[in-house]
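# Geometric and topological summary
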Amino acid sequence: MSSIAVRPRSDRRKGAGLGLVAWLLGILFFLPVAWMALTSFHSEQDAATNPPSFGAALSLDSYREFFGTGGGASPWPALINSTVASLASTLFVLLLAFPAAYALSIRPVKKWTDVLFFFLSTKMLPAVAGLLPIYLFAKNTGMLDNIWLLVILYTSMNLPIAVWMMQSFLAEVPVAVIEAAKVDGARLPTILARIVAPIALPGIAATALICFIFSWNELLFARVLTGVAAETAPVFLTGFITSQGLFLAKVCAASLVISLPVLAAGFAAQDKLVQGLSLGAVK
């Protein structure tokens, strides 16, 4: 009897300990973001002090300078370019990855595991290795400083990981449901849109969010292949880093503003993201 009574208590202690560890890890990961937000409201002189000044006066000067109210460049064209490149490339990735993942999971082709490995092997090439050929191609085709070049690049860069993720999600769709729809006369586009997509919606949302984050944060190709017309938000952010003067508060303010769309998207789709990433974890 005593052992039976002690076991639930030990389980509660174990759960409380795991909860405490989770809270500590969450606070540990949140501290740099909180420090960046606090620094963005300080003046450049207070932000550059060492050790840092926690009780320094707060100011919105860094945000005013970021948004160009003090005569600087406006961030809105760069933010719009990042939004267009990220959303358009994510949409194209989903349109291409969804039928490919269907073919590799529900109706697998021959040696489908080799196909998936080939998709992943394309991500093993360092991005800088393909930078020069892509630059020469863009120069010869007149696509330098063109936002649609980034859309094509981001689509091709995110497509392999999207196919890999969605294949595991679609593998959990019951085949009996698809066969029943075929018996009722449904064609493949109808099956994909009205049966498979609603069932795998959490996985699709998780894939879309990850592709959006990868596209939004990409800097190397955007830095080399764009100038003024197609400048993205990460490239605009690097313009605040100079060899002379103080820039820490301005960089923190710009980083916080540029991170908000990704944070908002993650917060809005957090339930779908958790469902999608855990899909297939329990048999």
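The rules we used
- Per chain, residue numbering runs from 1 following the sequence as it is written.
- In view of the model being predicted, local features appear only for residues whose pLDDT reaches at least 70, and side-chain atom pairs are presented and counted only at 80 or more, with totals across whole chains, interfaces and linings using the full set of residues.
- Think of the side-chain values as coming from all heavy atoms in the structure, minus any hydrogens and water.
- Helix and strand labels come from DSSP, where a helix needs a run of H or I of at least four residues and a strand needs a run of E of at least two; each type is numbered from the N terminus.
- Our radius of gyration looks at C-alpha atoms and nothing else; its globule reference is 2.2 Å times the residue count to the power 0.38.
- Only protein chains enter the accessibility calculation, which uses a 1.4 Å probe. A residue is then buried if its area is under 20% of the maximum for its type, exposed if over 50%, and partly exposed in between.
- Contact definition: two residues touch when any of their heavy atoms are within 4.5 Å.
- Reported accessibility uses the Shrake-Rupley method at a 1.4 Å probe radius. Residues are deemed covered only where the shown protein chains occlude them.
- pLDDT: the predictor's confidence for each residue, scored from 0 to 100.
- Residues belong to one nonpolar core when they are buried, are Ala, Val, Leu, Ile, Met, Phe, Trp, Tyr or Cys, and are joined through side-chain atoms within 4.5 Å.
- Two joining distances apply to patches: 9 Å for like charges and 5 Å for nonpolar side chains (Val, Leu, Ile, Met, Phe, Trp, Tyr), and every residue must have over 30% relative accessible area and no salt bridge.
- One speaks of a salt bridge when a side-chain nitrogen belonging to Lys or Arg is within 4 Å of a carboxyl oxygen belonging to Asp or Glu.
- Only the six-membered ring of Trp is used, alongside the rings of Phe and Tyr, when aromatic pairs are assigned; centres must lie within 6.5 Å, and planes under 30 degrees apart are stacked while those over 60 apart are edge-to-face, with the rest tilted.
- Note on method: axes are straight lines fitted to C-alpha atoms, helices fitted across the in-contact stretch only, with angles between N-to-C directions ranging 0 to 180 degrees.
- Working definition: roughly parallel below 35 degrees, roughly antiparallel above 145 degrees, roughly perpendicular at 65 to 115 degrees, and oblique for all remaining angles.
- Under this grouping Gly is polar, as are all residues other than the nonpolar Ala, Val, Leu, Ile, Met, Phe, Trp, Tyr, Cys and Pro and the charged Asp, Glu, Lys and Arg.

## With respect to the overall build of the protein chain
- Along the backbone of the protein chain there are 14 helices and zero strands.
- Shown N-terminal to C-terminal, the secondary structure of the protein chain runs as helices and strands in the order α-α-α-α-α-α-α-α-α-α-α-α-α-α.
- Its C-alpha atoms give the protein chain a radius of gyration of 24 Å, more than 25% over the compact-globule value 19 Å for 283 residues.
- Expressed as lengths along the three principal axes of its C-alpha atoms, the size of the protein chain is roughly 75 × 70 × 30 Å.
- Counting over 283 residues, the protein chain shows a buried share of 35%.
- Counting only contacts in the protein chain whose residues sit at least 6 apart along the sequence, the fraction spanning at least 24 positions is 76%.
- Of the roughly 16700 Å² that the protein chain leaves accessible, carbon and sulfur atoms contribute 70%.

## Focus: unusual backbone geometry
- Even without being a glycine, Asp145 presents a positive backbone phi close to 60°.
- Mapped onto the elements, Asp145 comes out in the loop between helix H6 (131-140) and helix H7 (147-170).

## Things to note about the confidence of the model for the protein chain
- Counting all residues, the mean pLDDT for the protein chain is 84, and 90% of those residues have values of 70 or more.
- In the model of the protein chain, helix H14 (residues 270-278) stands out as the element of lowest mean pLDDT, 62, in contrast to helix H11 (residues 220-225), which has the highest, 94.
- Overall, residues 1-6 carries pLDDT values under 50, and its contacts beyond four positions in sequence, including any with other chains, amount to zero contacts.

## Focus on the nonpolar core
- Residues Phe98, Tyr102, Met166, Leu170, Val173, Ile178 and Val196 are the most contacted members of the largest nonpolar core, which totals 25 residues.
- Secondary-structure elements contributing two or more residues to this core are helix H4 (76-105), H7, helix H8 (175-183), helix H9 (188-199) and helix H10 (201-217).
- At seven residues, H4 tops the list of elements feeding residues into this core.
- Setting aside its immediate chain neighbours within four residues, Ile178 contacts Tyr102, Ile106, Val173, Ile191 and Val196.
- Counting 19 residues, the second largest nonpolar core, distinct from the first, contains Leu79, Trp216, Ala233 and Cys252.

## Some points on a nonpolar patch on the surface
- There is a patch of nonpolar side chains on the surface, built from Val21, Trp23, Leu25, Ile27, Leu28, Phe29 and Leu31 and spanning about 790 Å² of accessible area.
- Mapping Val21 onto the fold places it in helix H1 (residues 2-40).
- For Val21, a relative accessible area of 44% translates into the label partly exposed.

## Some points on the packing of aromatic side chains
- Tallying each qualifying case throughout the model produces seven aromatic pairs.
- A centroid spacing of 5.8 Å and a plane angle of 75° characterise the contact between Phe66 and Phe236, whose relative ring orientation is edge-to-face. In this pair, Phe66 sits in helix H3 (residues 61-66) while Phe236 sits in helix H12 (residues 233-238), placing the two residues 170 residues apart along the sequence. For the residue pair Phe66 and Phe236, the accessibility class agrees, reading buried in each case.
- Aromatic pair Phe67 and Trp76: ring centres 5.7 Å apart, planes at 35°, arrangement tilted.
- Taking relative accessible area as the criterion, Trp76 reaches 48% and is therefore assigned partly exposed.

## A few points about the pattern of salt bridges
- Scanning the entire structure with this criterion turns up two salt bridges.
- Of the charged contacts in the structure, one is a salt bridge between Glu44 and Lys250, with a shortest N-O distance of 3.2 Å. One end of the pair, Glu44, is in helix H2 (residues 44-47); the other, Lys250, is in helix H13 (residues 248-268), and 206 residues separate them in sequence.
- Note that Asp61 and Arg64 form a salt bridge whose closest N and O atoms lie 2.8 Å from each other. Within this pair, Asp61 and its partner Arg64 are both found in helix H3, separated by three residues, close to a single helical turn.
- With relative accessibility at 48%, the residue Asp61 sits in the partly exposed group.
- A relative accessible area of 44% places Arg64 in the partly exposed class.

## Focus on the packing of H9 against H10
- Two elements in contact, H9 and H10, have axes whose closest approach is 4 Å; the angle formed by their N-to-C orientations is 75°. As summarised for this structure, H9 and H10 are arranged roughly perpendicular, according to the angle between their axes. Each of Ala197, Pro198 and Ile199 in H9 lies in contact with H10, whose residues at this interface are Leu201, Pro202 and Ile204.
- When its residues are assigned to classes, the contact of H9 with H10 shows six nonpolar, no polar and no charged.

## What about the environment of Ile178?
- When you line up the elements, Ile178 lands in helix H8.
- Residue class for Ile178 comes out buried when judged on its relative accessible area of 0%.
- Along the backbone, Ile178 and Ile106 are 72 residues apart, and their C-alpha atoms lie at a distance of 9.1 Å.

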